[in-house]
Amino acid sequence: YLCNEISSLYCQQGKHDEALLFLQKALDIGMQTCEKGSPTIKAIWRNIGLIFKAKRQFPDALVCYRKVLDLSRDDFFETMTSLKEMSEIQREQGQYEEALESLKEALDLASRQNGEETTTVGEILNLIGHIYQEKQEFVAAFKYYYKALRIKKIEVGEEHEGIVGSYVNVGSIL
């Protein structure tokens, strides 16, 4: 725990290499004292991934997020978070098909877990729309943005400030 906190302080100062040293120490201790899939171990792997992402060492970050994903298949929240983080890194690297694959897995999981008209599903649809927009596949982007907008209307209503971003996304590709 203390190593994780110290690494956080180093991160806040932009000292990522020092933070990694403390996280590696935390992971070494955690692997000896915690169960393999414990929340502590997953948090350490996630934090290591965040540091690699901040350092733009995307392949290393993906390894960490895949590790969290492998340890989290029975945990809806952790699985969703890992899939979304992986898709963000894949998108940043221009690996659009891989990013879409990660997000579509997250979409399937969220739909099965909570139904098809929930905030989580809407957020994922929005992320998929962003990728299609970056790929300049505007018809597909519109389709996903519009589905996200429809869900947002159901969730918060037509007159809520939270719906503005959804309208902006749809409008940005028209």
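Residue positions are given per chain, counted from 1 along the sequence in the order it is written. Two thresholds apply to this predicted model, a pLDDT of at least 70 for residue-level local features and 80 or more for giving and counting side-chain atom pairs, whereas whole-chain, interface and lining totals are computed over all residues. Calculated side-chain values reflect all of the structure's heavy atoms, with hydrogen atoms and water omitted.

(A) View of the nonpolar core. In this text, buried Ala, Val, Leu, Ile, Met, Phe, Trp, Tyr and Cys residues form a nonpolar core when linked through side-chain atoms within 4.5 Å. Partly exposed residues are those whose accessible area sits between 20% and 50% of the maximum for their type, while under 20% is buried and over 50% is exposed, using a 1.4 Å probe and protein chains only. Counting 45 residues, the largest nonpolar core has Trp 45, Ile 48, Ile 124, Leu 125 and Ile 128 as its most contacted members. Only DSSP runs of H or I covering at least 4 residues are called helices, and only runs of E covering at least 2 are called strands; the numbering of each starts at the N terminus. Of all the secondary structure elements, the ones that give two or more residues to this core are helix H2 (16–33), helix H3 (39–54), helix H4 (58–71), helix H5 (76–92), helix H6 (96–114), helix H7 (119–134) and helix H8 (138–156). The biggest single contributor to this core is H4, with eight residues. Any pair of residues with heavy atoms lying within 4.5 Å of one another is described as a contacting pair. In this structure Trp 45 touches Leu 27, Cys 64, Lys 67, Val 68 and Leu 71, once residues within four positions along its chain are discounted.

(B) Summary view of the layout of surface pockets. Size it by volume and the largest pocket reaches roughly 220 Å³. In this analysis the probe radius is 1.4 Å and the grid spacing 1 Å, with only protein atoms considered; a cavity is a set of points the probe fits into but cannot get out of, a pocket is an open set with protein on both sides within 12 Å along at least five of seven lines, and lining residues have an atom within 4 Å of a point. Thr 119, Gly 122, Glu 123, Asn 126 and Lys 152 are the residues nearest the centre of the largest pocket, which is lined by 15 residues in total. Looking at the lining of the largest pocket, its residues break down into four nonpolar, seven polar and four charged. Grid points are joined across faces, edges and corners, and a volume is the space filled by probe spheres set on the points. For this classification, the nonpolar set comprises Ala, Val, Leu, Ile, Met, Phe, Trp, Tyr, Cys and Pro, the charged set comprises Asp, Glu, Lys and Arg, and every other residue, Gly included, is treated as polar.

(C) Just the side chain of Ser 82, in detail. Structurally, Ser 82 can be placed in helix H5. Not counting the four nearest positions on each side in its chain, Ser 82 is found in contact with Arg 46, Tyr 65, Val 68 and Leu 69.

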